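Letter by letter, the chains look like this.
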Amino acid sequence: MTERFGSYQNEIYLQGLGGQLPPCSTDATKLEASAREVMAPGPFSYVAGAAGSGATARANREAFDRWRVVPRMLTGATDRDLATTVLGSRLPAPVAVAPVGVQSIVHPDAESATARAAASVGLPFILSTASSTGIEDVAAANGAGPRWFQLYWPGDNDVCASLLTRAKNAGYTALVVTLDTWTLAWRPSDLDQAYLPFLKGEGCAVPFTDPVFRGLLEKTPEADPNMAILRWIGMLTGTDRTWDQLPFLREHWDGPIVLKGIQHVGDARRAAEAGVDGIVVSNHGGRQVDGAVGALEALPGIVAAVGDRLEVLFDSGIRTGADVLKALALGARAVLVGRPWVYGLAHAGEDGVRHVLRSLLADFDLTMGLSGHRTLADLGPESLQRA
């Protein structure tokens, strides 16, 4: 029995008869504006902001507009099957909840709320190393839901190995290694407010609950938080890794390994040669390099180069069901979605996240059917036309 995600619209209409409205807009392109009204200026700018002039964030959205869906008729698409397998996880739809750190600045329930919401709709929750909540506590909130662990690679090998062991023991099945954020980019929206939540200990729960990291400190993070914060920031930033260091991760992780932040065909080929299981074509939502290529523009060439050798995932700019369809038609195995559900978290905690995710899935399901596609296998470049 396949999930009928599109039925969520009927649920919304029926609830409306009793005067109940959704916790936030069903249009993900409007959520940023409404989130500005409910979030404090610093946290809002941290979530919504981008590198430099914001050109890359704009390029991400413009890249989607350069492709148009070409609907087909009389295809018998009444019932759709959106299920797929990604990195060994059987999923009801090719969508994952992207790693987003410091969720405590958005809502007090933070990552636990998001993990519960993701589990309730069956989508993988990807826990950020910059989480406000510990690895094990998030796993408990996620329950039987699929979950992956995102690594910001710390400079201390023993600490890194400890984080990976904890994640594996807590049921995280895939490792997503972010490559493009070994130091923070120039982000005027944060700099203008001198706002960096990590300096106040936000987003440091993963190291602060780690026995190996705690063993390096003269005083516990509880007794001397400032020294612990500085030690962690120094360990996490300032060093760009090299390809020959990847075997360390394989020595300490026996599940799928994915490299996030790939945008060049040459890097995609090197990832395949290194034997990783997947890559995420991503520019970190435009947060790291100003004036960079829109992520969707990079996707087709990378799929052509390595799509038969590893799993190619995609993020950066996903907002609508049509966006999901376009990325899949251009060769992505699945997509990661980030900012929209963060805004849902700001509006209504767990319920807000669930609403945004269900809205995206419903939009995707209905767009698939109305454009004449019954299964993910029906999607391909012929489903689109270059505008």
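Rules and cut-offs
- Residues numbered from 1 in each chain as written.
- Predicted model: local features only at pLDDT ≥ 70, side-chain atom pairs only at ≥ 80, totals over all residues.
- Heavy atoms only, no water.
- UniProt positions renumbered as here; feature names shortened; annotations may be inferred.
- Helix = DSSP H or I, 4+ residues; strand = E, 2+ residues; numbered from the N terminus.
- Rg over C-alpha atoms; globule rule 2.2 N^0.38 Å.
- Buried < 20%, exposed > 50% of the residue type's maximum accessible area, 1.4 Å probe, protein only.
- Contact = heavy atoms within 4.5 Å.
- Areas by Shrake-Rupley, 256 points an atom, 1.4 Å probe, with all protein chains shown as cover.
- Lys, Arg positive; Asp, Glu negative; His and termini not counted.
- Charge placed at Lys NZ, Arg CZ, Asp CG, Glu CD.
- Salt bridge = Lys/Arg side-chain N within 4 Å of Asp/Glu carboxyl O.
- Core = buried A, V, L, I, M, F, W, Y, C linked by side-chain atoms within 4.5 Å.
- 1 Å grid on protein atoms, 1.4 Å probe; cavity = no way out; pocket = protein on both sides within 12 Å on 5 of 7 lines; lining within 4 Å.
- Points joined across faces, edges and corners; volume = space filled by probe spheres on them.
- Pairing = 2+ DSSP bridges.

- If you look the chain up in an unreviewed UniProt entry, it shows as L-lactate 2-monooxygenase from Amycolatopsis vancoresmycina DSM 44592.
- The chain has a UniProt comment under Cofactor (unreviewed entry) that states "FMN".
- Under the UniProt heading Sequence similarities (unreviewed entry), the entry covering the chain gives this text: "Belongs to the FMN-dependent alpha-hydroxy acid dehydrogenase family."

## Digging into the overall build of the chain
- A count of helical and extended segments in the chain gives 16 helices and 12 strands.
- Since a compact globule built from 387 residues should have a radius of gyration of about 21 Å, the 20 Å found for the chain is in line with a globular shape.
- Per-residue burial for the chain yields a buried fraction of 56% across its 387 residues.
- Pairs at least 24 apart in sequence give 74% of the contacts found in the chain among residues at least 6 apart.
- Per element, the accessible surface of the chain, about 16,200 Å² overall, is 52% carbon and sulfur.
- Of note, the chain has its 34 positive side-chain charges centred 4 Å away from the centre of its 42 negative side-chain charges.

## Some words on the pattern of salt bridges
- Summed over the entire model, instances satisfying the criterion amount to 16 salt bridges.
- Between Arg166 and Glu136 there is a salt bridge whose closest N-O contact spans 2.9 Å. Note that Arg166 is positioned in helix α7 (residues 157-169) and Glu136 in helix α6 (residues 135-142), a separation of 30 residues in sequence.
- Taking relative accessible area as the criterion, Arg166 reaches 9% and is therefore assigned buried.
- What emerges from the salt-bridge pattern is a single network uniting Arg116, Glu350, Asp351 and Arg354.

## Some points on the UniProt feature "domain: FMN hydroxy acid dehydrogenase" (unreviewed entry) in the chain
- Residues annotated in UniProt with the feature "domain: FMN hydroxy acid dehydrogenase" (unreviewed entry) correspond here to residues 20-387.
- Taken end to end, residues 20-387 has its terminal C-alpha atoms 39 Å apart, with 42% of it in helix and 12% in strand.

## Some words on the nonpolar core
- Membership of the largest hydrophobic core comes to 108 residues, with the highest contact counts inside it found for Tyr172, Leu249, Ile279, Leu299 and Phe314.
- The element contributing the most residues to this core is helix α16 (residues 339-370), with 12 residues.
- For Leu249, the residues in contact, after removing those within four places along its chain, are Leu151, Trp153, Cys160, Leu164, Val177 and Ile257.
- Grouped together as the second largest cluster of nonpolar side chains are 14 residues, Ala98, Ile126, Trp148 and Leu336 included.

## Let's talk about the side chain of His355
- Inspection of the secondary structure assignment puts His355 in helix α16.
- By relative accessible area, His355 is classed as buried at 2%.
- In contact with His355, not counting residues within four places along its chain, are Tyr8, Ile12, Pro22, Pro23, Cys24, Ser25 and Thr26.

## Some remarks on the layout of surface pockets
- The volume enclosed by the second largest pocket comes to roughly 310 Å³.
- In terms of lining, the second largest pocket is formed by 19 residues, of which the most central are Thr26, Asp27, Ser359, Leu360 and Asp363.
- Where the lining of the second largest pocket is concerned, the elements lending two or more residues are α1 (8-17) and α16.
- No other element matches α16, which puts 7 residues into the lining of the second largest pocket.

## Description of the pairing of strand β11 (residues 334-337)
- Here β11 shows two buried faces, one formed by Ala334 and Leu336 and the other by Val335 and Val337.
- Alignment of strand β4 (residues 95-97) against β11, held across 3 bridges, turns out to be parallel. Paired with Val95 across the strands is Val335, a residue of β11.

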